[in-house]
Amino acid sequence: MLQETISKDRPAKNWQDYVVPQCWESFTEDDHAVWDLLFARQVDLLGTRVVSAFLDGIDLLKLSHPGVPDVEGLNAILEPRTGWRTVAVPGLVPDPVFFAMLSERVFPVGNFIRLREQLDYLEAPDCFHDLFGHIPMLAHHDFAEMVEHVGRLGRAAIAAGEGDRAARLYWHSVEFGLAKEHGELKILGAGLSSSFGEAHFALEADVPRPRFTVEDAAATAYRNDRFQPLYFVSDSLDQVAAELEALDPGGLARFAA
Ligand SMILES: [Fe+2]
């Protein structure tokens, strides 16, 4: 989000204007090896520290298959299951485009992967973050519904001049949320599940972990340049989905009043 990727002389009107071919055949042997390295390292790191829906999604979507996933192959499993599909984009897309995509159950995936020398540093989310972090959860029916709703909330909030609130809500749930599962604290957000450094930090560091509410999350600033200073914790995956879905599209604007 937050960064223009389309040149000024070709202004984009629709989210479709940001979609590019994945060109899976252009990924090099080293790109595939980097995916395999990241995948093995992250699965080992996460263990059972992540919500079970995430691990189920990894299996369902066969993400353990070696090499960078081909988005068409992924879509062939994902779309019949929850109606979500992935599209390739060349980098971050602006917030209005991103939320419009989510509202139509379309998830943008970077058409590149980080270099071997940059395993832990990313200027922009690559396909490992997007595919490993986000897509497994989109195979879960309730989470899939929730993210579509966040897209609708985002569109309405931007139209009402409250886009920052939608971005915070998204950030503190879909990207950096934690959730309880059988009484244990687990990783929920893709920014955590795909991060080597922050996955354990979020669960173990001495930082505040307030209970997730839409009012608090929408009002709390976030950092996109360092680890988060706090992590919102939902009572369960069901709770965060229910709270977000209970919010009507005009709801975020009303918090500002
Ligand atoms: Fe993300």
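Note that the coordinates shown come from a computational prediction; the quantities given were computed from them, not determined experimentally.

Caption draft 1: Spotlight on the overall build of the protein chain. Within the protein chain one finds twelve helices and five strands. Scaling as 2.2 N^0.38, a compact globule of 257 residues should have a C-alpha radius of gyration of about 18 Å, and the protein chain matches this with 17 Å. For the protein chain, the spread of C-alpha atoms along the three principal axes comes to 55 × 50 × 35 Å. A burial count over the protein chain gives 53% of its 257 residues as buried. Restricting to contacts in the protein chain with at least 6 residues of sequence separation, those with at least 24 account for 69%. Accessible surface computed for the protein chain: about 11500 Å², of which carbon and sulfur atoms make up 51%. Measuring between centres, the 22 positive side-chain charges of the protein chain sit 4 Å from its 40 negative side-chain charges.

Caption draft 2: Looking closely at the side chain of Gln-239. Looking at the element boundaries, Gln-239 is found in helix H11 (residues 237-245). Of the polar contacts made by the side chain of Gln-239, one reaches the backbone nitrogen of Asp-235; its length is 2.5 Å. Beyond its immediate stretch of four places on either side in the chain, Gln-239 contacts Arg-211, Phe-212 and Ser-234.

Caption draft 3: Spatial organisation of the confidence of the model for the protein chain. Counting all residues, the mean pLDDT for the protein chain is 92, and 94% of those residues have values of 70 or more. Within the model, the stretch residues 1-10 combines pLDDT values under 50 with 23 contacts to residues more than four positions away or in other chains.

Caption draft 4: Focus on the coordination of the iron ion. Protein ligation of the iron ion involves His-129 (NE2), His-134 (NE2) and Glu-175 (OE), the donor distances falling in the range 1.9 to 2.1 Å. Residue His-129 is classed as buried on the basis of its relative accessible area, which comes to 10%.

Caption draft 5: Here's a closer look at the packing of aromatic side chains. Considering all chains together, one arrives at 15 aromatic pairs under this definition. Each ring, one from Trp-35 and one from Phe-39, has its centre 6.4 Å from the other, and the planes form 20°; the classification is stacked. On the criterion of helical spacing, the pair formed by Trp-35 and Phe-39 is a turn pair, its members being four residues apart in helix H1 (residues 29-46). Taken individually, Trp-35 and Phe-39 each receive the classification buried, so the pair is uniform in this respect. Each ring, one from Phe-201 and one from Tyr-231, has its centre 6.3 Å from the other, and the planes form 70°; the classification is edge-to-face. Here Phe-201 is found in helix H9 (residues 198-204), whereas its partner Tyr-231 is found in the loop between helix H10 (214-219) and strand S5 (233-234), with 30 residues between them in sequence. One aromatic cluster is present, built from ring pairs that chain together Trp-35, Phe-39, Phe-54, Phe-128 and Phe-132. Arg-41 extends its terminal NZ or CZ atom over the ring of Phe-196, reaching a point 3.8 Å from the ring centre.

Caption draft 6: Quick peek at unusual backbone geometry. Within the chain, Cys-23 stands out as a residue other than glycine whose phi angle is a positive 50°. Along the chain, the position of Cys-23 falls in the segment before H1. Even without glycine at this site, Lys-62 takes up a positive phi of about 55°. Owing to a relative accessible area of 56%, Lys-62 belongs among the exposed residues under this scheme.

Caption draft 7: Examining the sheet that holds strand S4 (residues 184-187) more closely. Strands sit in the order S4-S3-S5 across an open sheet of three strands; the sheet is mixed. The open sheet is flanked by S4 and S5, the only strands paired with a single partner. Examined bridge by bridge, strand S3 (residues 178-181) and S4 share four bridges and lie antiparallel to one another. From the neighbouring strand, Leu-178 faces S4, where its bridge partner is Ile-187.

Caption draft 8: Representation of the environment of Pro-208 in the model. Of note, Pro-208 is situated in the loop between H9 and H10. Through-space distance from the C-alpha of Pro-208 to that of Ala-100 is 32 Å; in sequence the pair is 108 residues apart. The residues contacting Pro-208, other than those within four sequence positions of it, are Pro-229, Leu-230 and Tyr-231.

Caption draft 9: Structural view of the environment of Glu-198. Following the sequence through the fold, Glu-198 ends up in helix H9. Under the relative-accessibility criterion, Glu-198 is labelled buried at 5%. With 26 residues separating them along the chain, Glu-198 and His-172 place their C-alpha atoms 14 Å apart. Not counting residues up to four positions away in its chain, the partners in contact with Glu-198 are Phe-176, Leu-192, Phe-227, Gln-228 and Tyr-231. Polar side-chain contacts of Glu-198 include one of 2.5 Å to the side chain of Tyr-231.

Here is what the cut-offs are and how they apply
- Residues numbered from 1 in each chain as written.
- Predicted model: local features only at pLDDT ≥ 70, side-chain atom pairs only at ≥ 80, totals over all residues.
- Heavy atoms only, no water.
- Helix = DSSP H or I, 4+ residues; strand = E, 2+ residues; numbered from the N terminus.
- Rg over C-alpha atoms; globule rule 2.2 N^0.38 Å.
- Buried < 20%, exposed > 50% of the residue type's maximum accessible area, 1.4 Å probe, protein only.
- Contact = heavy atoms within 4.5 Å.
- Areas by Shrake-Rupley, 256 points an atom, 1.4 Å probe, with all protein chains shown as cover.
- Lys, Arg positive; Asp, Glu negative; His and termini not counted.
- Charge placed at Lys NZ, Arg CZ, Asp CG, Glu CD.
- Polar contact = N/O pair within 3.5 Å; in protein donor to acceptor, adjacent residues only side chain to side chain.
- pLDDT = per-residue confidence, 0-100.
- Donors = N, O, S within 2.8 Å, 3.2 Å for Na, K, Ca; no water.
- Phe/Tyr/Trp six-rings, centres within 6.5 Å; stacked < 30°, edge-to-face > 60°.
- Lys NZ or Arg CZ within 6 Å of the ring centre and 35° of its normal.
- Pairing = 2+ DSSP bridges.

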